[in-house]
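# Secondary and tertiary structure notes
Chain by chain, the residues run as shown.
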Amino acid sequence: MALPCLQRKLDDKMMEIAMLATFVVGVVLLSRTGRVGEQCAGFTLLSALLFVAASPAWADQTVMVEDNSRVECIASKKDLTRVSLLGDEFASVSKIQPSNALDDFSVVNEPTRGDIYISVPDGFRPKTLSFFGTSKKGYVYKFACRVEAIEAQQIFLSNPTAEIKSDVAQLEGDEVAPDGDETAVRLVQAMASQRVVPGYRMRKSPLVPVKVGNLSVQLLAEYEGLEMVGRAIRIENMTKEPVVLSESDVAPPGALAVAIANSSLAGGQVTTAYVVTRSQRMSP
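What this report covers is the structure whose coordinates are included nearby. Keep in mind the model is a prediction, meaning the values are calculated, not measured. (Residues numbered from 1 in each chain as written. Predicted model: local features only at pLDDT ≥ 70, side-chain atom pairs only at ≥ 80, totals over all residues. Heavy atoms only, no water.)

Here the focus is the state of the cysteines. Following the criterion strictly, the structure yields one disulfide and no others. Residue Cys73 pairs covalently with Cys145 via a disulfide, S to S 2.0 Å. Of this pair, Cys73 sits in strand 2 (residues 70-76) while Cys145 sits in strand 8 (residues 140-148), and the two are 72 residues apart along the sequence. Judged on exposure class, the residue Cys73 and its partner Cys145 are both buried. (Disulfide = S-S within 2.5 Å. Helix = DSSP H or I, 4+ residues; strand = E, 2+ residues; numbered from the N terminus. Buried < 20%, exposed > 50% of the residue type's maximum accessible area, 1.4 Å probe, protein only.)

Next comes the structure, spelled out in structure tokens:
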């Protein structure tokens, strides 16, 4: 019984050390006069540190993360466990379906706040559970949570890298939700490089491929804004004969922008097309 308490004390000590290191780095960056990007990074780190220190969630689990990182946490065996992203929201969760029901658990993406909730059933056998979570900003996190018989848990994740990139981009002159043809072009560029345009929400939820003539068409990602919607589409030539794609083959009439990575496909070859259309909410 003493081991969990000792582990918790060690975890608290490591958190204190991490926060002290974050404070020192933040102060150093903020003091670098004339370097806007580094000052912004320092301000972001100190702001995140103050938020954590002032939050009642200090008694819960607060974890600093980065893209593709492994998140080690503790999940409640007898109650709910909530996972929340600071400055971001979860868009989807993924886990395998075990063959034995006693090895399965529930993880639900709550759409209103973008949190996820974990629950384990009575008789759950594994000592740990794992799954993947994808955020609305396009970051992916792998969770590895120990299951313990404790009260309901709250896990708060902070990704300083994402916040720094966002703040530096705005200071360097990024516009929020640009309009007209410029927006359509920037959407195409963003989709091609898997970035997010400010003012647009990216959803990476690949749909089941659909056969259209001799082609296999699959929606890979969607960028939704108030006025426009961008879609990244995977296209595969299902025949052995070469195929030449045109804009009318991949985009509906009235599309604002169309780009095809490779319009000449050999047999079995795959390409990606990027299509920008006007949002249905703005259609007359």
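Okay, back to it.
Further remarks concern the sheet that holds strand 6 (residues 115-119). Neighbouring strands of a sheet are bound in pairs by backbone hydrogen bonds; such pairs are parallel or else antiparallel. What the five strands build is an open sheet, ordered 1-9-3-6-5; its pairing is mixed. Two strands bound the open sheet, and with one partner strand each, they are strand 1 (61-64) and strand 5 (106-110). In this sheet, neighbouring strand axes are inclined to one another by 20° on average, regardless of whether the strands run parallel or antiparallel. As judged from the four bridges shared by strand 1 and strand 9 (residues 153-158), these two strands associate in the parallel manner. Bridge pairing in strand 9 links Thr62 to Phe156. (Pairing = 2+ DSSP bridges. Axes fitted to C-alpha atoms, helices over the stretch in contact; angles between N-to-C directions.)

Turning our attention to the nonpolar core. Nonpolar side chains tend to gather and get buried jointly when the protein is soluble and globular. In this structure, Leu129, Phe143 and Leu157 are the most contacted members of the largest nonpolar core, which totals 23 residues. Those residues in contact with Phe143 that sit more than four places away from it in its chain are Val71, Cys73, Val83, Phe90, Ile116, Leu129, Ser130, Phe131, Gly133 and Leu157. Of all hydrophobic cores here, the second largest spans 14 residues; its members include Ala190, Tyr200, Met228 and Ala257. (Core = buried A, V, L, I, M, F, W, Y, C linked by side-chain atoms within 4.5 Å. Contact = heavy atoms within 4.5 Å.)

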